[in-house]
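Fold and contact review
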Amino acid sequence: AAEYYLKALSLAQKMEKRNSISECYSNLGVLAYQQKDYATARFFYQKALEISQAEGSSGISGVYLKLGIVHQKLHQMDSAYDYFEKGIASAHAHNDYSKLEQGYKNVSTYYTRQNQYDSAFINLERHYQYRDSVFTVKTAQEITAREMEFSFQEERAAADQKLADEKHKSETTFAWSLGLGSG
């Protein structure tokens, strides 16, 4: 996978697609993180952050949160907390409830590891509020999409039936006009 991300990175750089470059660095960071190479993950996330900041990208919230998690893994708790807070602030600015959900969960975990259980609980409640909001929005979107599909199918079935009725009526009228309909 790293080979393909590096190829994508090279292509994005040639095309000067800054947001794509940032995404490639972030994806390389994910790969390094999955391999438990946290220093390399931090390097790639930092590169993604620099570009996201320069571009004013809405994806910056996720990069901040990933950097916070990496710093937590590296036992750099103050830096981790700072990145979590920046990620949450950015998610608020972009109304990104999904990232707010993740950010508050990360902060809750941070406080739990610091044995600050009251703060952990408060942030876990915020996490659940945003998780439920995201779930509610997604559910409403799915329901609306299904209702629209059902309505479309009903309208199409009615139109098909009307067409079939008109065809039958036309065929019957033609048959009567030829004198084939009596008998």
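Starting from 1, residues in each chain are numbered consecutively following that chain's sequence as written. With the structure being a predicted model, the display of local features is reserved for residues of pLDDT at least 70 and the display and counting of side-chain atom pairs for 80 or more, all residues being used for whole-chain, interface and lining totals. Hydrogens and waters are ignored; side-chain quantities use all the structure's heavy atoms.

The subject of this paragraph is the overall build of the chain. Secondary structure counts use DSSP, requiring at least four H or I residues in a row for a helix and at least two E residues in a row for a strand, with both numbered from the N terminus. Counting its secondary structure elements, the chain contains seven helices and zero strands. Listed by position from the N terminus, the elements making up the chain come as α-α-α-α-α-α-α. For 183 residues, the compact-globule estimate of 2.2 N^0.38 gives 16 Å, and the chain exceeds it by more than 25% at 28 Å. Exposure classes here rest on a 1.4 Å probe applied to the protein chains alone. A residue is buried below 20% of its type maximum, exposed above 50%, and partly exposed in between. For the chain, with 183 residues in total, the buried portion stands at 29%. Residue exposure ignores everything except the shown protein chains as possible cover, and the areas themselves are Shrake-Rupley values with a 1.4 Å probe. Roughly 12200 Å² of accessible area belongs to the chain as shown, and the carbon and sulfur atoms make up 52% of that amount. Counted as positive: Lys and Arg. Counted as negative: Asp and Glu, with His and the chain ends omitted from the count. Where a charge lies is defined by one atom per residue type, namely NZ (Lys), CZ (Arg), CG (Asp) and CD (Glu). The averaged location of the 23 negative side-chain charges in the chain is 7 Å from the averaged location of its 21 positive side-chain charges. Put simply, the radius of gyration uses C-alpha atoms, and a globule should come to 2.2 Å times the residue count raised to 0.38.

Turning our attention to the side chain of Ser57. If you trace the backbone, Ser57 turns up in the loop between helix H3 (38–55) and helix H4 (60–73). The contact criterion used is simple: two residues touch if any of their non-hydrogen atoms lie within 4.5 Å. Discounting chain neighbours no more than four positions away, the residues touching Ser57 are Asn19, Ser52 and His94.

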